[in-house]
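# Chain and residue survey
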Amino acid sequence: MLRQASRLISRSATAASSKSVTARAFSTELPSTIDSTFVESWKKVAPNMDPPQTPSSFMKPRPSTASSIPTKLTVNFVLPYASELSGKEVDMVIIPATTGQMGVLPGHVPTIAELKPGIMSVHEGTDIKKYFVSSGFAFLHANSVADIIAVEAVPLENIDASQVQKGLAEFTQKLASASTDLEKAEAQIGVEVHSAMNAALSG
């Protein structure tokens, strides 16, 4: 029945679009609208079923973009198990993107950046808070809000340098003696993460 309904709705929508062609913007800045033509077509073929909801039905309007660049950057920094920063207003953050260290100031162009193992520093006046992040993503919005999601993160001062050196030596040895692709991949990840932590502590 659903296949038949889809065909009929598709035909009806095609016929309607041939009469009147309009461009619809795909943006969360626009209010959610209901396609009345689709709903009417659906009711004709499936009168006992509610029309399906589309993604736009669940999307909230995007926060408005200020007319001028704000003086502060709002940062949300979250982990799978905790929220490190929530709505924190700072001067700048520097994130370890896969393309290189990226400084983010208020008014930064909207960007999505993948994170690699390295230091993320949060600058607030003369105070600088540093975290070691393993991986994740940073979402930089036009309204000077930065959402940073990391798989794992720890304040830099909480890292034990001796344990980092020990772990680096162990994973280097595992990489040298690995006999399968899985063992090599796991050892390589360990070497890269511990090397990044070692560089962060020594830098």
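Residues numbered from 1 in each chain as written. Predicted model: local features only at pLDDT ≥ 70, side-chain atom pairs only at ≥ 80, totals over all residues. Heavy atoms only, no water.

Next up on the list: the overall build of the protein. The secondary structure content of the protein amounts to four helices and ten strands. Its helices and strands in sequence order give the protein the pattern α-α-β-β-β-β-β-β-β-β-β-β-α-α, from N to C terminus. Long-range pairs, those at least 24 residues apart, make up 52% of the contacts in the protein with a sequence separation of at least 6. When the accessible surface of the protein is split by element, carbon and sulfur atoms take 56% of a total near 13,400 Å². (Helix = DSSP H or I, 4+ residues; strand = E, 2+ residues; numbered from the N terminus. Contact = heavy atoms within 4.5 Å. Areas by Shrake-Rupley, 256 points an atom, 1.4 Å probe, with all protein chains shown as cover.)

A word on helix α4 (residues 181-202). With 22 residues, α4 ought to run about 32 Å at 1.5 Å a step, and its terminal C-alpha atoms sit 31 Å apart, in line with that. Every buried residue of α4 is accounted for by Ala187, Gly190, Val191, His194, Ala196, Met197 and Ala200. Considering only its buried residues, α4 is in contact with β6 (118-124), β7 (127-133) and α3 (161-177). (Expected span 1.5 Å × (residues − 1). Buried < 20%, exposed > 50% of the residue type's maximum accessible area, 1.4 Å probe, protein only.)

Right, let's talk about the nonpolar core for a bit. General note: in soluble globular proteins, nonpolar side chains tend to be found buried as a group. Ranked by size, the top nonpolar core spans 23 residues in total, and within it Val75, Phe77, Val93, Ile95, Met120 and Ile148 carry the most contacts. If near-sequence neighbours (up to four positions away) are discounted, Phe77 is found in contact with Ser83, Glu84, Leu85, Met120, Tyr131, Val133, Ile148, Ala150 and Ala153. In this structure, Phe132, Ile159, Val164 and Met197 belong to the second largest nonpolar core, which totals seven residues. (Core = buried A, V, L, I, M, F, W, Y, C linked by side-chain atoms within 4.5 Å.)

Let us now look at the environment of Glu114. For Glu114, the position within the fold is in strand β5 (residues 111-115). As a C-alpha pair, Glu114 and Ser135 span 21 residues in sequence and 7.6 Å in three-dimensional space.

The next thing to look at is the pairing of strand β3 (residues 92-97). Where β3 meets β6, three bridges bridge the pair, whose relative direction is antiparallel. Of the residues in β6, the one forming a bridge with Met92 is His123. For β3 and strand β4 (residues 100-104), the ladder comprises five bridges, and the chain directions are antiparallel. Among the inter-strand pairings, Ala97 is bridged to a residue of β4, identified as Gly100. Between β3 and β4, which pair antiparallel and follow one another directly, the connecting turn spans two residues. (Pairing = 2+ DSSP bridges.)

In this model α3 runs 25 Å from its N-terminal to its C-terminal C-alpha over 17 residues, within 8% of the 24 Å that 1.5 Å per residue would give. Check the buried side of α3 and you find it contacts α4.

So, on to the environment of Val93. Following the sequence through the fold, Val93 ends up in strand β3. Accessibility expressed as a relative area gives 0% for Val93, which makes it buried. Ignoring sequence-local partners within four residues, the contact set of Val93 consists of Leu73, Val75, Met102, Gly103, Val104, Ser121, Val122 and Ile148.

Evaluation of the coordinates by the stated rule reveals three salt bridges. Its salt-bridge partner being Asp91, residue Lys72 comes within 2.7 Å of it at the nearest N-O pair. Taken as a pair, Lys72 in the loop between α2 (36-45) and β1 (73-78) and Asp91 in the loop between β2 (83-90) and β3 lie far apart in primary sequence, 19 residues in all. Measuring nitrogen to oxygen at the nearest pair gives 3.3 Å for the salt bridge that ties Lys88 to Glu124. On the criterion of sequence distance, the pair formed by Lys88 in strand β2 and Glu124 in strand β6 is long-range, its members being 36 residues apart. Judged by its relative accessible area of 32%, Lys88 falls in the partly exposed class. For Glu124, a relative accessible area of 31% gives the class partly exposed. (Salt bridge = Lys/Arg side-chain N within 4 Å of Asp/Glu carboxyl O.)

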